[in-house]
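# Reading the structure
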Amino acid sequence: METIPIRVLFFGKAREIVKCDEQSERVPVDADYQRLFKMIFEERFPELKEIASSCMLAVDQHFCRPDSKVELYPNSEIAVIPPLSGG
Amino acid sequence: MSVYRRGLAEIGINRTPLPNRSKPATLKANINSEEKLKNSADSTTLSTVPEIDYSSRVDDDHYYMLKSPYQLKTPVIRESTPKKMELLQDEEPIERFDGVDDDGRFHLEEFARPAPVLKATLTQYVGNAEPIERFGGTDEDDGRFHFDEPFGDCPVLLERDYGMDQNLSKADVERYSRQLLVHEFGVNGQKELKAARVLVVGAGGLGCPTAMYLAGAGVGTLGIADFDMVSKDNLHRQVAHSETLVGKLKVDSLKQSILSNIAVRTFSTVLNGAQTMDIAKDFDVVADCSDNAATRYMLNDVCVFLNKPLVSGSALRWEGQLTVYNYGEDGPCYRCLFPHPPAAHLVTNCSEGGQKDCAVCGEAPTIHAPIDYEVFCGSGVVDKNPSLSLLDPNERVSVSEYSTARKSPTILVDTRPKHEFAIASLPEARNIPMDSLKQLEDIELRKLLGLSEAADVFVICHRGNDSQLAVRLIQERFKSEIESNGFQVKDIVGGYDRWAEEIDQEFPRY
């Protein structure tokens with residue numbers, strides 16, 4: 001399977017847990033949302049598991065929903081966005 | 001048009017009391033019947049108008065201007081012709097003038113003729129309302145128009161036709177000129193903004209600028225909801241609140257910073273779902289500037305039920321998020337993106353990764369009315385720092401017990417992060433942040449903790465939550481030493497915050 005490099009960006013609580021802003025990863029070029037989600041929260045960054053259910057992913061600055069079509073390109077940005085409630 | 005009508009109650013309630021005056025004038029509140037019932041106090045006769053030096057002048061535009069005896073929105077007097085009056089009945093007053101009552105009647109000079117039309121009274125300054133009543137009157141050849149009614153209902157004459165948009169007044173044009181000149185915004189933008197009613201929930205770090213800029217730009221009605229009081233540590237970012245209002249309600253404080261031409265409605269209560277439904281129905285847009293998950297889910301659901309767009313802002317430390325929810329036919333709601341509330345301590349099913357159908361706006365919604373959001377989120381609206389109760393009472397000491405204990409040799413472990421430790425600490429405190437406690441090897445940690453000193457170990461943090469976790473952690477890691485050396489590990493209830501409150505008022509609270 002062809003893989004491409006992507007950037008995973010962490011925000012809010014996710015950034016606190018992973019202790020960095022950004023990580024580079026390689027993913028299959030045809031990964032869909034569910035695959036990306038599983039890969040990030042279970043395989044690459046299992047420490048994020050505890051917040052997984054309240055997080056969403058945005059791909060190249062577009063919020064995704066579980067049934068969203070995801071198109072990945074080399075260096076696509078996958079943002080891990082937990083809800084932020086501060087006011 | 002609804003803009004100002006919505007603001008009526010506010011205007012009425014806040015009417016500045018008028019000083020006594022020898023000749024009473026009547027201020028009629030010709031508000032529409034529904035509001036009249038609600039605000040019956042507004043319909044009462046004001047028998048007082050201030051004893052002031054009324055002056056008047058004719059300016060370059062031939063407007064006759066009268067000084068106001070009233071402190072509030074004053075009515076408009078404009079030159080007109082009968083024909084124009086007919087045509088312009090629906091036009092909104094552009095500028096407000098005050099009424100003169102020097103003999104129990106309202107007098108207008110030359111320019112007022114022919115007979116003026118009462119379009120809106122003081123309390124019912126309602127934009128482009130229909131004239132309520134036409135006044136009869138006479139010109140007694142003294143150059144003034146005399147009303148038959150003795151009155152105080154300040155008449156409003158319609159304006160000359162300058163081809164202006166009927167929803168914008170001369171004052172609007174002058175005030176908002178800079179944004180009218182931005183062609184993407186222009187007259188239409190201004191008009192729509194003026195007709196808009198926005199409810200800002202939360203008068204804090206996000207609510208202050210949101211409300212101030214909306215008001216500055218000329219929003220029609222501004223609602224502000226917040227139950228909280230201004231505190232000193234709000235001032236650095238909630239810049240609408242002034243130092244003199246620390247301890248006062250945030251809604252009142254923010255309202256004082258809002259430009260006087262904006263109708264403001266305030267709601268100083270902890271909002272529940274039902275109340276919010278009732279409040280939000282009178283607004284066009286809801287701005288979520290709240291600081292907790294429960295309120296965010298509540299506002300989302302209410303906006304879905306009422307079909308209102310939700311502009312949601314949130315910020316923490318260096319990050320912020322701005323999202324518009326429930327906007328347009330396909331726009332997702334907050335629950336679409338975040339179906340599960342954040343619950344850091346719950347083990348969650350990871351493979352789930354969101355739900356396909358939204359519980360509130362999906363194909364087959366399961367939530368049809370506001371729910372209990374505090375239960376749903378497992379966290380409160382009011383209590384920003386819920387206190388943890390992990391340890392048994394005999395594993396804890398109060399600040400006063402510690403103040404006695406520290407007279408003998410003790411070990412005080414301060415679990416706050418380094419940057420908090422740098423703010424202030426007790427002299428005997430040794431800083432071992434939570435992260436270090438968790439990560440350090442036993443041998444290093446033992447040295448840092450000073451367990452060999454065999455003195456009792458006390459653990460302190462900012463408010464007394466982490467200190468409990470730390471006590472448990474130390475107890476588990478050094479169980480055998482604790483048992484064999486016979487010392488105790490206890491946390492200090494309420495942490496430095498309680499220490500500053502009860503033991504040493506000079507200790508800085510933050």
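Residues numbered from 1 in each chain as written. Chains lettered and ligands numbered in written order. Predicted model: local features only at pLDDT ≥ 70, side-chain atom pairs only at ≥ 80, totals over all residues. Heavy atoms only, no water.

### Here's the deal with the sheet that holds strand β9 (residues 221-225) of chain B
Residue and element names in this part refer to chain B.
- Strand order in the open sheet made by the 6 strands is β10-β9-β8-β11-β12-β13, with mixed pairing throughout. Two strands bound the open sheet, and with one partner strand each, they are β10 (263-267) and β13 (319-325). For this sheet, the mean inter-axis angle between neighbouring strands, taken without regard to orientation, is 15°.
- With 5 bridges connecting them, strand β8 (residues 197-201) and β9 associate as parallel partners. (Pairing = 2+ DSSP bridges. Helix = DSSP H or I, 4+ residues; strand = E, 2+ residues; numbered from the N terminus. Axes fitted to C-alpha atoms, helices over the stretch in contact; angles between N-to-C directions.)

### Structural notes on unusual backbone geometry
- One non-glycine residue, Asp60(A), lies in the positive phi region at around 50°.
- As for its placement among the helices and strands, Asp60(A) is situated in the loop between β3 (56-59) and β4 (62-63).

### A few points about the confidence of the model for chain B
Residues and elements named next belong to chain B.
- Per-residue confidence for chain B gives a mean pLDDT of 74, with 64% of residues at or over 70.
- Here residues 344-353 is modelled with pLDDT under 50, and outside its nearest four sequence neighbours on either side it reaches 18 contacts, counting other chains as well.
- Across the predicted assembly, pTM comes out at 0.68 and ipTM at 0.88. (pLDDT = per-residue confidence, 0-100. Contact = heavy atoms within 4.5 Å.)

### A closer look at the interface of chain A and chain B
- Counting residues at the interface gives 29 residues for chain A and 40 residues for chain B.
- Summed over both sides, the interface of chain A with chain B buries roughly 2700 Å², with 56% coming from carbon and sulfur.
- The largest share of the area that chain A buries against chain B comes from Ser53(A), Leu84(A) and Gly87(A), three residues that together contribute 24% of it.
- The tally of links between chain A and chain B comes to 2 salt bridges.
- With a closest N to O distance of 2.7 Å, Glu16(A) and Arg317(B) form a salt bridge.
- At the boundary of chain A and chain B, one finds 10 residue pairs in polar contact (both at pLDDT 80 or more).
- If you list the elements that add at least two residues to the side of chain A that touches chain B, you get α1 (12-18) and α2 (33-44) of chain A.
- Here the side of chain A that touches chain B gets 5 residues from one element, more than from any other, and that element is α2(A). (Buried area = accessible area lost by both parts, 1.4 Å probe. Salt bridge = Lys/Arg side-chain N within 4 Å of Asp/Glu carboxyl O. Polar contact = N/O pair within 3.5 Å; in protein donor to acceptor, adjacent residues only side chain to side chain.)

### Brief notes about the pattern of salt bridges
Residues and elements named next belong to chain B.
- Within this structure, the stated rule accounts for 25 salt bridges over all chains.
- The salt bridge partner of arginine 509 is aspartate 497, with a shortest N-O separation of 3.1 Å. Taken together, the residues arginine 509 in the segment after α20 (495-502) and aspartate 497 in helix α20 connect sequence positions 12 residues apart.
- For arginine 509, a relative accessible area of 48% gives the class partly exposed.
- The buried category is assigned to aspartate 497, whose relative accessible area is 18%. (Buried < 20%, exposed > 50% of the residue type's maximum accessible area, 1.4 Å probe, protein only.)

### With respect to a nonpolar patch on the surface
All names here are of chain B.
- Side chains of Leu388, Leu390 and Leu469 sit close together on the surface and give an oily, nonpolar patch of about 210 Å² of accessible area.
- Considering the arrangement of structural elements, one finds leucine 390 in the loop between α13 (373-377) and β14 (396-397).
- Taking the relative accessible area as the measure of exposure, leucine 390 reaches 34% and is therefore partly exposed. (Patch = residues over 30% accessible without salt bridge, like charges linked within 9 Å, V, L, I, M, F, W, Y side chains within 5 Å. Areas by Shrake-Rupley, 256 points an atom, 1.4 Å probe, with all protein chains shown as cover.)

### Brief notes about the packing of aromatic side chains
Residues and elements named next belong to chain B.
- All chains considered together, the criterion is met by 11 aromatic pairs over all chains.
- Look at tyrosine 297 and phenylalanine 376: their rings are 5.1 Å apart centre to centre, the planes differ by 75°, and that puts the pair in the edge-to-face class. Taken together, the residues tyrosine 297 in helix α11 (residues 293-306) and phenylalanine 376 in helix α13 connect sequence positions 79 residues apart.
- In this structure tyrosine 297 comes out as buried when scored by relative accessible area, which is 0%.
- Phenylalanine 376 sits in the partly exposed class, given a relative accessible area of 27%.
- Ring geometry for tyrosine 325 and tyrosine 334: centres 5.4 Å apart, planes at 80°, overall edge-to-face.
- Taking relative accessible area as the criterion, tyrosine 325 reaches 1% and is therefore assigned buried.
- Given a relative accessible area of 5%, tyrosine 334 falls into the buried group.
- One aromatic cluster in this structure is built from Tyr297, Tyr325, Tyr334, Phe338 and Phe376.
- In this structure, arginine 335 packs its charged tip against the face of phenylalanine 376, placed 4.6 Å from the ring centre. (Phe/Tyr/Trp six-rings, centres within 6.5 Å; stacked < 30°, edge-to-face > 60°. Lys NZ or Arg CZ within 6 Å of the ring centre and 35° of its normal.)

### Remarks on the packing of helix α10 (residues 273-280) of chain B against α11(B)
Residue and element names in this part refer to chain B.
- At a minimum axis distance of 10 Å, the contact between α10 and α11 shows a crossing angle of 50°. Taken together, the axes of α10 and α11 are oblique relative to one another. You can see that α10 and α11 cross each other, and the crossing is right-handed. Contact residues: Gly273, Thr276, Met277 and Ala280 in α10; Met298, Leu299, Val302, Phe305 and Leu306 in α11.
- Its residues assigned to classes, the contact of α10 with α11 comprises 7 nonpolar, 2 polar and no charged. (Parallel < 35°, antiparallel > 145°, perpendicular 65-115°, else oblique. Left-handed = near helix turned anticlockwise from the far one by under 90°. Nonpolar A, V, L, I, M, F, W, Y, C, P; charged D, E, K, R; others polar.)

### Quick look at the sheet that holds β3(A)
Residue and element names in this part refer to chain A.
- An order of β2-β1-β5-β3-β4 is seen for the 5 strands of this open sheet, with the pairing classed as mixed. Since the sheet does not close on itself, it has two edges, and those belong to β2 (22-28) and β4, each with one partner.
- Bridge count for strand β1 (residues 3-10) against strand β5 (residues 76-81) is 5 bridges, and the pairing is parallel. The residue of β5 that forms the bridge with isoleucine 6 is serine 76.

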